Amino acid sequence: MSKSILIVDDSVSIRQMVEMTLKSANYQVTTAQDGQDALEKCKGASFDFVLTDQNMPRMDGLSLVKSLRGLANFRSTPIVMLTTEAGDDMKAKGKAAGATGWMVKPFDPNKLLDVMKRVLG
């Protein structure tokens with residue numbers, strides 16, 4: 001059974017690039033256009049991994065991470081931030097919110113797949 005991944009980004013092109021990368025490695029992919037959309041999808045499903053942007057309309061990535069950590073089926077789910085935010089202060093906020101890891105855009109497809117393998121086993 002392939003792992004189920006949720007990709008959250010307000011950029012259509014980023015969602016498509018990440019989705020193509022993950023599908024090529026046989027991951028099952030669901031996409032959401034912002035944090036609010038993702039949270040709604042997570043209330044009726046579970047995912048093995050969540051990859052989210054930080055800066056999005058309606059609900060940003062840090063708010064999404066905090067909200068997901070409040071749901072029983074997402075307390076231990078790996079959540080990685082994929083964002084242009086590279087500052088140590090923002091990374092610390094991500095860790096405090098419950099993010100598992102941090103990747104900076106633009107992303108390297110091979111590095112993304114390496115992170116997926118390391119986190120999901």
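Just so we're clear, the structure is a prediction, and the values are computed from it rather than from any experiment.

Hey, could you run me through the nonpolar core in this one?
Note that soluble globular proteins tend to have their nonpolar side chains buried in a common cluster. Ranked by internal contacts, the top residues of the largest apolar core, which has 21 residues, are Leu6, Val8, Val50, Leu64 and Leu68. Sorting the residues of this core by element identifies strand S1 (4-8), helix H2 (35-42), helix H3 (61-69), strand S4 (79-83) and helix H4 (88-97) as the ones contributing at least two each. In terms of residues, this core owes the most to one element, H3, which gives 4 residues. For Leu68, the contacting residues outside a window of four places in its chain are Leu39, Cys42, Val50, Phe74, Arg75 and Ile79.

Sorry if this is basic, but what is going on with helix H5 (residues 109-120) here?
For H5, built from 12 residues, the straight-helix expectation of 16 Å at 1.5 Å per residue is met to within 8% by its first-to-last C-alpha distance of 16 Å. Between the side-chain oxygen at the start of H5 and the backbone nitrogen of Asn110 there is a gap of 2.8 Å, and the oxygen is on Asp108. The first or second residue beyond H5 is Gly121, which carries a positive phi of 85°.

Explain the UniProt feature "modified residue: 4-aspartylphosphate" (unreviewed entry) in the chain to me, please; I cannot follow it from the model alone.
Sequence positions flagged by UniProt for "modified residue: 4-aspartylphosphate" (unreviewed entry) are, in local numbering, Asp53. Overall, the relative accessible area of 4% leaves Asp53 in the buried class.

Would you explain the packing of aromatic side chains in this entry?
Counting across every chain of the model gives 1 aromatic pair. Arranged with centres 6.5 Å apart and planes meeting at 40°, the rings of Phe47 and Phe74 form a pair that is tilted. Remark: Phe74 occurs in the loop between H3 and S4 and Phe47 occurs in the loop between H2 and strand S3 (49-52); sequence separation between them is 27 residues. Residue classification places Phe47 among the buried positions, given a relative accessible area of 8%.

Sorry if this is basic, but what is going on with unusual backbone geometry here?
Backbone phi values are negative for most residues with the exception of glycine, while trans is the configuration of most peptide bonds. In this model, Lys105 is joined to Pro106 through a cis peptide bond whose omega is -5°. Note on placement: Pro106 falls in the loop between strand S5 (101-104) and H5. Phi is positive for Asn26, close to 70°, though the residue is something other than glycine. Of note, Arg58 is a non-glycine position whose phi angle comes to about 65°, a positive value. Following the sequence through the fold, Arg58 ends up in the loop between S3 and H3.

Sorry, what's going on with the packing of H3 against H4 here?
Any two packed helices are characterised by the angle at which their axes cross and by the distance between the axes. Packing of H3 against H4 brings their axes to within 9 Å, and their N-to-C directions diverge by 15°. It follows that H3 is roughly parallel to H4 by the angle criterion. Considering only the axes of H3 and H4, their crossing is right-handed. Across the interface between the two elements, Leu62, Val65, Lys66 and Arg69 of H3 pack against Met90, Lys93, Gly94 and Ala97 of H4. For the contact of H3 with H4, a count of residues per class yields 4 nonpolar, 1 polar and 3 charged.

Cut-off values and rules
Residues numbered from 1 in each chain as written. Predicted model: local features only at pLDDT ≥ 70, side-chain atom pairs only at ≥ 80, totals over all residues. Heavy atoms only, no water. Core = buried A, V, L, I, M, F, W, Y, C linked by side-chain atoms within 4.5 Å. Buried < 20%, exposed > 50% of the residue type's maximum accessible area, 1.4 Å probe, protein only. Helix = DSSP H or I, 4+ residues; strand = E, 2+ residues; numbered from the N terminus. Contact = heavy atoms within 4.5 Å. Expected span 1.5 Å × (residues − 1). Polar contact = N/O pair within 3.5 Å; in protein donor to acceptor, adjacent residues only side chain to side chain. UniProt positions renumbered as here; feature names shortened; annotations may be inferred. Phe/Tyr/Trp six-rings, centres within 6.5 Å; stacked < 30°, edge-to-face > 60°. Axes fitted to C-alpha atoms, helices over the stretch in contact; angles between N-to-C directions. Parallel < 35°, antiparallel > 145°, perpendicular 65-115°, else oblique. Left-handed = near helix turned anticlockwise from the far one by under 90°. Nonpolar A, V, L, I, M, F, W, Y, C, P; charged D, E, K, R; others polar.

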